[in-house]
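Here is how the chains run, residue by residue.
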Amino acid sequence: MLLEMFQTLPQVLIDGLTLGAVYAVVALGYTMVYGILQLINFAHGEIFMTGAFIGTALFIMIMGWGSAIPQILLLIIVLVITASITGFIGVGMERIAYRPLRNAPRLIPLITAIGISFVLQDVIRFIAELTSGNYIVTGPSLFSENINLKTSAISSVFNDASFKTSFLIVLTVAILLMITLDFFVNRTKWGTAMRAVALDRETAALMSINVNKVISITFFIGSALGGATGVLFALQYGTIDPYIGFILGLKAFIAAVLGGIGNIRGAMLGGIMLGVMEMFAAANLSLLTGGIFGAEYKDVFAFAILILVLIFKPEGLLGKPTAEKV
Amino acid sequence: MMPMLEVKNIETYYGAVQALRGISFDVNEGEIVTLIGSNGAGKSTTLKSISGLAKVKTGSIFYKDKEISNRPPHETTLLGIAHVPEGRRIFGNLTVKENLLMGAFSVKGKQVIEERMEFVFGHFPRLKERLSQKGGTMSGGEQQMLAIGRALMMNPDVLMLDEPSMGLAPIIVEQIFEIILQLNKMGITILLVEQNAYQALSIAHRGYVIQNGSIVLSGKGTELIENDEIKEAYLA
């Protein structure tokens, strides 16, 4: 049994890292907003979904004009446009739906967030059906060459792993996004201001920091990252529908909690871990349980991890335990 | 001469609770003015009303002949009013350097920021030794120094200090008050809120006594120290 697990390990790691990178970037959106407003923005999964649709539409549109553009350039253009649009959607969402509720009890903006999820789902569904006649959309196939990794050459224990080029693209872009964000938050003036606002909004305002502007920037970045990840998702899986944001959003939220919600590096770690564990479960669950649970139980596995973390380390892997303020 | 800062009959509420019931006072350029009074009298609320952290319902606040009531705090600080809040409110997870840089958030130019940082180190050499330490891991006295240093990074005309002596050992309080005096001699106008009435009055040019959201007494610092009512209520 152990041998079989080892054999699939290279493939599990590659698939898991890619999925985990997607979780991680989406988790950043949850954790940044939570860090600054203590709000769980459940509509963030729908921002991701919106990004997937905008990206797919752009791919179809630009490729319709002529296929002379190199794939990599096409991807960069689509990522930038989509991220900008979803970024502004995020800013608008905060301005219209959350800011008026800034001083309301915390449950109220949470319900509002769920409401925005429905609005986004239905608006996207409406537009998709209007333009293509179906709300399930399949994008063009890009970066679809297969790469074979001869992992068996490293050790005969491993099987070879194979994946599409798009996996590599997803992983690379996601990691670049994370590095950039980490640099922004830890090394730049506005990033430091963001951390200051997250720690103490009033005092940050006394430092001449425009708190509303910092909050808008936070939503912009979180939503732009979410939208960009949506594009990556569409690229990798091809077919999307308006409801993909729900389960992926939940998983990313789990990743954020796993790493310690409010902690940016925690979200990255949590996302990667969750992705790898989930893929491991998908590959090995039936093996481990003698066929009782199959790969379809991988989601149960993800939620079981959430429950375990909440029981034994509620502050998350990198989170700090906080005393309840009196 | 017009006062630099003039507060006219302000009333401030927290929800339905009235915290200030018509407070009026003024601060002239170059003065040290102190507001003293017991816990909950409205001293901190007065400072918050000036900096914009609390909304004023009626009355007005003038600074350099401009009405500034209910401006958001990030704008009042730009005008030259720095507010060092009660309890120091250091950004605990940020390093000392980052805390100071936040004080200089609106300052343009690396050169200027460096100079101001040197100026702050001149008064608080301890901060220089701890630049990369997290603000929250320092002692109370060091945090107070950082809070004042952070405010000085704005190069303020008026420095509002809310209970700088709170929770500090007497020898540290002595140091802090000495620095406040020095800063005043360099031309910074000081508005000082204190429960430690004796110490505050002894360095202040003038003082106001706040009780239940109203000013009940005012006068020169040296006079108020001698006042029998004050002796009984705050200096005992």
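Below you will find a few notes about this structure. (Residues numbered from 1 in each chain as written. Chains lettered and ligands numbered in written order. Predicted model: local features only at pLDDT ≥ 70, side-chain atom pairs only at ≥ 80, totals over all residues. Heavy atoms only, no water.)

**What to know about the nonpolar core**
Right, on to step 1. Formed by 141 residues in total, the largest nonpolar core has its most connected members in A:Y98, A:I209, B:M102 and B:L159.
Right, on to step 2. With 15 residues, the top contributor of residues to this core is helix α1 (residues 2-37) of chain A.
Right, on to step 3. Every residue in contact with A:Y98, bar those within four places of it in the chain, is listed here: A:L39, A:N41, A:A43, A:M93, A:P109, A:T112, A:A113, A:I116 and A:F219.
Right, on to step 4. With 24 residues, the next largest nonpolar core counts B:L20, B:A41, B:Y63 and B:V193 among its residues. (Core = buried A, V, L, I, M, F, W, Y, C linked by side-chain atoms within 4.5 Å. Buried < 20%, exposed > 50% of the residue type's maximum accessible area, 1.4 Å probe, protein only. Helix = DSSP H or I, 4+ residues; strand = E, 2+ residues; numbered from the N terminus. Contact = heavy atoms within 4.5 Å.)

**Digging into a nonpolar patch on the surface**
Residues and elements named next belong to chain A.
Right, on to step 1. A cluster of nonpolar residues, I69, I72, L73, I76, I77, V80, I81 and I85, forms a patch on the protein surface that exposes about 610 Å² of accessible area.
Right, on to step 2. With respect to the secondary-structure elements, I76 resides in helix α3 (residues 71-98).
Right, on to step 3. Under the relative-accessibility criterion, I76 is labelled partly exposed at 45%. (Patch = residues over 30% accessible without salt bridge, like charges linked within 9 Å, V, L, I, M, F, W, Y side chains within 5 Å. Areas by Shrake-Rupley, 256 points an atom, 1.4 Å probe, with all protein chains shown as cover. Salt bridge = Lys/Arg side-chain N within 4 Å of Asp/Glu carboxyl O.)

**Things to note about the interface of chain A and chain B**
Right, on to step 1. Opposite the 19 residues of chain A that make contact, chain B presents 21 residues.
Right, on to step 2. Interface area, chain A with chain B, both sides summed: about 2,000 Å², of which 65% is carbon and sulfur.
Right, on to step 3. Three residues, A:L206, A:M207 and A:S208, lead the burial of chain A against chain B; their summed loss comes to 35% of the area buried on that side.
Right, on to step 4. At the boundary of chain A with chain B, the tally comes to three salt bridges.
Right, on to step 5. Between A:E202 and B:R89 there is a salt bridge, and its shortest N-O distance comes to 3.2 Å.
Right, on to step 6. Where chain A meets chain B, there are six residue pairs in polar contact (both at pLDDT 80 or more).
Right, on to step 7. Elements that contribute at least two residues to the side of chain A that touches chain B include exactly α6 (189-199) and α7 (201-206) of chain A.
Right, on to step 8. Among the elements that make up the side of chain A that touches chain B, the one with the highest residue count is α6(A) (seven residues). (Buried area = accessible area lost by both parts, 1.4 Å probe. Polar contact = N/O pair within 3.5 Å; in protein donor to acceptor, adjacent residues only side chain to side chain.)

**A closer look at the sheet that holds strand β10 (residues 214-220) of chain B**
Residues and elements named next belong to chain B.
Right, on to step 1. Spatially, β6-β7-β8-β3-β9-β10 is the arrangement adopted by the six strands of the open sheet, whose pairing is mixed. Strand pairing shows two members of the sheet lacking a second neighbour, β6 (81-84) and β10, which therefore form its edges. Strand after strand, the sheet turns through a mean of 15° between neighbouring axes, direction not considered.
Right, on to step 2. Bridge count for strand β7 (residues 158-162) against strand β8 (residues 189-194) is five bridges, and the pairing is parallel. Within the sheet, the bridge partner assigned to D162 lies in β8 and is V193.
Right, on to step 3. Against the sheet, helix α1 (residues 43-51) engages β3 (32-36), β6, β7, β8 and β9 (206-211), with an angle of about 145° to β7. (Pairing = 2+ DSSP bridges. Axes fitted to C-alpha atoms, helices over the stretch in contact; angles between N-to-C directions.)

**With respect to the packing of α1(A) against α6(A)**
All names here are of chain A.
Right, on to step 1. Running from N to C, α1 and α6 cross one another at 55°; their axes reach a closest spacing of 6 Å. In terms of orientation, α1 and α6 fall into the oblique class. Residues M32, G35 and I36 of α1 form the contact with α6, whose own contacting residues are M194, V197 and A198.
Right, on to step 2. When its residues are assigned to classes, the contact of α1 with α6 shows five nonpolar, one polar and no charged. (Parallel < 35°, antiparallel > 145°, perpendicular 65-115°, else oblique. Nonpolar A, V, L, I, M, F, W, Y, C, P; charged D, E, K, R; others polar.)

**Topic: the environment of A:D299**
All names here are of chain A.
Right, on to step 1. Assignment of secondary structure puts D299 in helix α11 (residues 298-312).
Right, on to step 2. Note on D299: relative accessible area 24%, which makes it partly exposed.
Right, on to step 3. C-alpha separation for the pair D299 and V309, spaced 10 residues apart in sequence, amounts to 15 Å.
Right, on to step 4. Aside from chain neighbours lying at most four places away, what touches D299 is I247, K251 and E278.
Right, on to step 5. In this structure the side chain of D299 is engaged in a polar contact, spanning 2.8 Å, whose partner is the side chain of K251.

**What to know about the pairing of β9(B)**
Residue and element names in this part refer to chain B.
Right, on to step 1. Across the six residues that make up β9, a large majority, five, are buried.
Right, on to step 2. As paired strands, β3 and β9 are joined by four bridges and run parallel to one another. Paired with I36 across the strands is V209, a residue of β9.
Right, on to step 3. Both β9 and β10 contribute to a ladder of six bridges, which runs antiparallel. By the bridge assignment for β10, Q211 is matched with S214.
Right, on to step 4. Between the end of β9 and the start of β10, which pair antiparallel, lie two residues, with N212 showing a positive phi angle near 45°.

**Focus on the side chain of B:H74**
Right, on to step 1. Checked against the element boundaries, B:H74 lands in helix α2 (residues 73-76).
Right, on to step 2. Aside from chain neighbours lying at most four places away, what touches B:H74 is A:A205, A:S208, A:I209 and A:N210.

**With respect to the sheet that holds strand β4 (residues 56-63) of chain B**
Hydrogen bonds between backbone groups are what pair the strands of a sheet, and the pairing can be parallel or antiparallel.
Residue and element names in this part refer to chain B.
Right, on to step 1. A sheet is described by the order of its strands in space; here four strands give the open sequence β2-β1-β4-β5, paired in antiparallel fashion. Each having just a single partner strand, β2 (17-27) and β5 (66-67) make up the two edges of the open sheet.
Right, on to step 2. In this structure, β4 lies alongside β5, joined through two bridges in antiparallel fashion. Across the sheet, residue F62 finds its bridge partner in β5, namely E67.

**Focus: the packing of aromatic side chains**
Residue and element names in this part refer to chain A.
Right, on to step 1. One pass over the structure, following the stated rule, counts 10 aromatic pairs over all chains.
Right, on to step 2. Here F88 and F220 contribute two aromatic rings whose centre-to-centre distance is 5.1 Å and whose plane-to-plane angle is 70°, an arrangement assigned as edge-to-face. Note that F88 is positioned in helix α3 and F220 in helix α8 (residues 211-237), a separation of 132 residues in sequence.
Right, on to step 3. Through a chain of ring-to-ring contacts, the aromatic side chains of Y30, F42 and F253 assemble into a single cluster.
Right, on to step 4. For R125, the ring lying beneath its charged end belongs to Y135, and the centroid distance is 3.9 Å. (Phe/Tyr/Trp six-rings, centres within 6.5 Å; stacked < 30°, edge-to-face > 60°. Lys NZ or Arg CZ within 6 Å of the ring centre and 35° of its normal.)

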